[in-house]
Amino acid sequence: MSSQTPVILITGGAQGIGKGISVHFLKRQWCVTAADIDEEAGNEFTDEMHKDKDRFLFAAADVGDDGSAKRCIEQTLNRFGRIDVLVNNAGIANQHFGSLDAPFENWEKVLRTNLTGCFLMSRHAAAHLENGGSIINIASTRALQSEPDSEAYAASKGGIIALTHAMAITLGPRIRVNCISPGWIAVSEWKKSKLRKSPQLSESDHALHPCGRVGTP
């Protein structure tokens, strides 16, 4: 493995959209750190990626904890010697977890994970990103159009969009900062084995989208 091989760090990288991103970049011969709070999912993903073990690292991390976020960056640097791209994908995706009627602790947990986690990972990674490096934040269409009882989730994703353009001004032009706002992405086939199942989607589910289908990782 060359020291010039590009390195990408993906939070929430052991399941769902994050796992899809991790697999994609491994296929493109990048080095990949998949950071995730779910160690069971991370260890299972590590076993699945045994053929790419020289270019793959699972890092157990709680992105909403400052020390854990910093250690995740350090683990990646210690293993691969560089970071070229950070993808802030980790988040609590249960949109109804932080509704108006839910315990206040739910609101705090969603904001800490989804938004503060994005900030902390970016803060610790920025000094180490190679020239021309990139930060990609995963927001959501729910930042701009919501379902009932999704207050915490919508607020966190709206915050990510605002954080993205603030960091783009702060870190540019050396580091590019962008966000992607996915709509409905069917991730049930990209879960750890005990949660994995085929998606059950109706014609009306697909018809909600201008492209005529629910998305995939």
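Everything that follows concerns the structure shown earlier in this document.
Right, let's walk through the structure included here. (Residues numbered from 1 in each chain as written. Predicted model: local features only at pLDDT ≥ 70, side-chain atom pairs only at ≥ 80, totals over all residues. Heavy atoms only, no water.)

**Details of the overall build of the protein**
So, point 1. Helix and strand counts for the protein come out as six helices and six strands.
So, point 2. Relative to the compact-globule value of 17 Å for 217 residues, the protein shows a C-alpha radius of gyration of 17 Å, a close match.
So, point 3. For the C-alpha atoms alone, the extent of the protein along its principal axes is close to 50 × 40 × 35 Å.
So, point 4. Long-range contacts, defined here as pairs at least 24 residues apart, represent 68% of the contacts in the protein between residues at least 6 apart. (Helix = DSSP H or I, 4+ residues; strand = E, 2+ residues; numbered from the N terminus. Rg over C-alpha atoms; globule rule 2.2 N^0.38 Å. Contact = heavy atoms within 4.5 Å.)

**Brief notes about the nonpolar core**
So, point 1. Judged by nonpolar contacts, the single largest core of 23 residues is most densely connected at L9, C72, M121, I135, L171 and I175.
So, point 2. Elements with a minimum of two residues in this core: helix 3 (66-80), strand 4 (83-88), helix 4 (104-126), strand 5 (129-138) and helix 5 (151-171).
So, point 3. Those residues in contact with M121 that lie beyond four places of it in its chain are L9, T11, V63, A69, C72, I73, L86 and N88.
So, point 4. Among the nonpolar cores identified, the runner-up in size contains 18 residues, and A14, F25, F45 and M49 belong to it. (Core = buried A, V, L, I, M, F, W, Y, C linked by side-chain atoms within 4.5 Å. Buried < 20%, exposed > 50% of the residue type's maximum accessible area, 1.4 Å probe, protein only.)

**Re a nonpolar patch on the surface**
So, point 1. Side chains of W184, L201 and L208 sit close together on the surface and give an oily, nonpolar patch of about 290 Å² of accessible area.
So, point 2. Note that W184 resides in the loop between strand 6 (176-180) and helix 6 (203-207).
So, point 3. Of the residues examined, W184 reaches a relative accessible area of 37% and is grouped as partly exposed. (Patch = residues over 30% accessible without salt bridge, like charges linked within 9 Å, V, L, I, M, F, W, Y side chains within 5 Å. Areas by Shrake-Rupley, 256 points an atom, 1.4 Å probe, with all protein chains shown as cover. Salt bridge = Lys/Arg side-chain N within 4 Å of Asp/Glu carboxyl O.)

**Here's the deal with the sheet that holds strand 5**
So, point 1. Read across the open sheet, the six strands follow the order 3-2-1-4-5-6; overall the sheet is parallel. The open sheet has two edge strands, strand 3 (56-60) and strand 6, and neither has a second partner. Strand-to-strand twist in this sheet, taken as the mean axis angle between neighbours without regard to direction, amounts to 15 degrees.
So, point 2. Sheet topology note: the strand 1 (residues 7-11)/strand 2 (residues 31-36) ladder contains five bridges and is parallel. In the sheet register, I8 faces strand 2, and the bridge partner there is V32. (Pairing = 2+ DSSP bridges. Axes fitted to C-alpha atoms, helices over the stretch in contact; angles between N-to-C directions.)

**Some details on unusual backbone geometry**
So, point 1. A cis geometry characterises the amide bond from G172 onward to P173, with omega recorded as 0 degrees.
So, point 2. Considering the arrangement of structural elements, one finds P173 in the loop between helix 5 and strand 6.
So, point 3. Of note in this structure, D149 is not a glycine but carries a positive phi near 65 degrees.
So, point 4. Tracing the backbone shows D149 in the loop between strand 5 and helix 5.
So, point 5. The class for D149 is partly exposed, based on a relative accessible area of 38%.

**Let's talk about the packing of aromatic side chains**
So, point 1. All told, the structure shown has two aromatic pairs when counted by the stated rule.
So, point 2. Taking 5.0 Å as the distance between ring centres and 70 degrees as the angle between the ring planes, the aromatic pair formed by F45 and F56 counts as edge-to-face. Here F56 lies in strand 3 and F45 lies in helix 2 (residues 39-48), a separation of eleven residues in the sequence.
So, point 3. Here F45 falls in the buried class, since its relative accessible area comes to 1%. (Phe/Tyr/Trp six-rings, centres within 6.5 Å; stacked < 30°, edge-to-face > 60°.)

**Re the pairing of strand 2**
So, point 1. Across the six residues of strand 2, six count as buried, placing the element largely inside the fold.
So, point 2. By the alternation rule, side chains of strand 2 split into C31, T33 and A35 and V32, A34 and D36, which are all buried.
So, point 3. As judged from the five bridges shared by strand 2 and strand 3, these two strands associate in the parallel manner. Paired with A35 across the bridge in strand 3 is A59.
So, point 4. Considered for its hand, the β-α-β crossover made up of strand 2, helix 2 and strand 3 is right-handed. (Right-handed = clockwise from strand over helix to strand, strands pointing away.)

**Overview of the packing of helix 3 against helix 4**
Packed helices, taken two at a time, are described by their axes: the angle between them and the distance between them.
So, point 1. The N-to-C vectors of helix 3 and helix 4 enclose an angle of 40 degrees; their axes lie 9 Å apart at closest approach. Here helix 3 is positioned oblique relative to helix 4, judged by the angle of their axes. Remark: the crossing between helix 3 and helix 4 carries right-handed chirality. Facing D66, A69, K70, C72 and I73 of helix 3, the residues of helix 4 in contact are L120, M121, R123, H124 and A125.
So, point 2. Each residue belonging to the contact of helix 3 with helix 4 can be placed in one class, and the counts come to six nonpolar, one polar and three charged. (Parallel < 35°, antiparallel > 145°, perpendicular 65-115°, else oblique. Left-handed = near helix turned anticlockwise from the far one by under 90°. Nonpolar A, V, L, I, M, F, W, Y, C, P; charged D, E, K, R; others polar.)

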